[in-house]
Amino acid sequence: MNQSLVFAILSQQTGDFVRVSIPFLCLFLISSAVSAHGGRTDSEGCHTQSSTGTRHCHGGKQIPKTGSDKLNQESGYDRRTFMKGWEDKDGDCQDARQEVLISESLEKVVLDSTGCRVVTGLWYDPYTGKHFRDPSDLDIDHFVPLEEAYDSGADAWDFDERRQYANNLEDEDILIAVSLSANRSKGSRDPSQWMPDNQRYHCEYLSTWIGIKARYGLVMDDREIDFIANKIRECE
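Nothing here was measured: the structure is a model prediction, and the numbers come from that model.

**Some words on the side chain of lysine 231**
With respect to the helices, strands and loops of the structure, lysine 231 is situated in helix α8 (residues 222-231). Apart from the residues within four sequence positions on either side, lysine 231 is in contact with Met195, His202 and Leu206.

Structure, rendered in C-alpha cells:
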C-alpha cells in the first residue's frame with residue numbers, strides 16, 4: 001500500500017479514526033499477512049514458496065490477544081539468518097550500504113579511487129533533523145529492524161525471503177541512512193519503545209512503519225497498536 005494512502009487512512013481527516021483505529025489495524029495487518037507472499041495459503045495458513053518449492057506457514061502468527069507483549073516472549077532471532085553482510089546484488093562493487101548512501105545523498109557523492117565506496121556527500125537524517133557530510137557518521141537502518149521483523153512474522157520466512165528483506169533496495173522504505181547514535185539508540189525497538197528525537201518526523205515515521213508491516217505481513221502486538229493509535233491523533 002502506498003505510504004501516503006496509509007497515512008491518509010490513519011489521519012484524523014476521517015473523524016472516525018479514534019473509534020475504528022485498533023480493529024482497522026488488526027484487520028489490515030492480518031489480511032495483509034495472507035497476501036504478502038506470492039503463493040496462496042491453504043486452510044492452515046500455509047503455502048509453497050514458488051522460488052524454492054518449500055512450504056511454510058503463517059497461520060499461527062496473528063495479532064496477539066490483549067495483554068500480549070513481544071518483550072515477554074523469548075526471541076529465536078539470529079542476524080545471520082537474515083544477512084552475513086551488505087550484498088552487492090548488481091555486481092558493480094557498491095554494496096547495499098553504498099547504494100543507499102548514493103541514492104539518499106542530497107548532492108552528488110564523491111567516491112573513492114575504486115568507485116566502490118562513498119567518501120563524501122550530504123545527507124539529511126529525519127530521526128535527528130540534522131545534516132551529515134561524512135558517511136562514517138551514518139548507519140543504514142532497517143526501518144522495521146530485523147529482530148522486530150523476525151518476532152512479528154519473519155520467523156516463518158525462508159532464508160531467501162529474509163535476505164531479500166535485509167538488503168532490499170527495491171522498496172525505498174526498508175533501508176534509511178541515519179546517524180550512528182540514533183540507530184544505536186533505536187536498536188530493535190518498535191514505536192511504543194522508541195521514537196525519533198525529531199518530533200516533526202513522528203507522523204511520517206508511524207505511517208512508514210505501518211506501511212512496511214502491512215506490505216510484509218508483519219503483525220503488531222497490543223502495546224504497539226495502542227501506542228500508534230494514540231500517537232497518530234497528533235497528526236494532521
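**Quick notes on helix α3 (residues 96-104)**
The set of residues buried in α3 consists of Ala96, Arg97, Gln98, Glu99, Val100 and Leu101. Those residues of α3 that are buried are in contact with β4 (118-120), β5 (123-125), β7 (138-142) and β8 (175-179).

**Concerning the pairing of β7**
With five of five residues buried, β7 lies mostly within the body of the structure. Across the two faces of β7 the burial is the same, with Leu138, Ile140 and His142 and Asp139 and Asp141 all buried.

**Let's talk about the packing of aromatic side chains**
On inspection of all chains with the given rule, the structure shows 13 aromatic pairs. With a centroid separation of 6.1 Å and 40° between ring planes, the pair formed by tyrosine 127 and tyrosine 201 is classed as tilted. In this pair, tyrosine 127 is assigned in the loop between β5 and β6 (130-132) and tyrosine 201 in the loop between α6 (180-186) and α7 (202-215), connecting sequence segments 74 residues apart. Aromatic pair tryptophan 194 and tyrosine 205: ring centres 6.0 Å apart, planes at 65°, arrangement edge-to-face. Residue tryptophan 194 is found in the loop between α6 and α7, and its partner tyrosine 205 is found in helix α7; the two are separated by eleven residues along the sequence. Looking at arginine 162, its charged tip hangs above the ring of phenylalanine 82, at a distance of 5.8 Å from the centre. Here the guanidinium or amino end of lysine 186 rests over the ring plane of phenylalanine 143, the centre of that ring lying 4.9 Å away.

**Details of the environment of proline 145**
Along the chain, proline 145 turns up in the loop between β7 and α4 (146-151). Judged by relative accessible area, proline 145 falls into the buried class, the value being 4%. On a C-alpha basis, the gap between proline 145 and asparagine 183 in space is 10.0 Å, while along the polypeptide they are 38 residues apart. With near-sequence residues (within four places) excluded, proline 145 lies in contact with Lys186, Gly187, Ser188, Arg189 and Trp209.

Definitions and limits used
- Residues numbered from 1 in each chain as written.
- Predicted model: local features only at pLDDT ≥ 70, side-chain atom pairs only at ≥ 80, totals over all residues.
- Heavy atoms only, no water.
- Helix = DSSP H or I, 4+ residues; strand = E, 2+ residues; numbered from the N terminus.
- Contact = heavy atoms within 4.5 Å.
- Buried < 20%, exposed > 50% of the residue type's maximum accessible area, 1.4 Å probe, protein only.
- Phe/Tyr/Trp six-rings, centres within 6.5 Å; stacked < 30°, edge-to-face > 60°.
- Lys NZ or Arg CZ within 6 Å of the ring centre and 35° of its normal.

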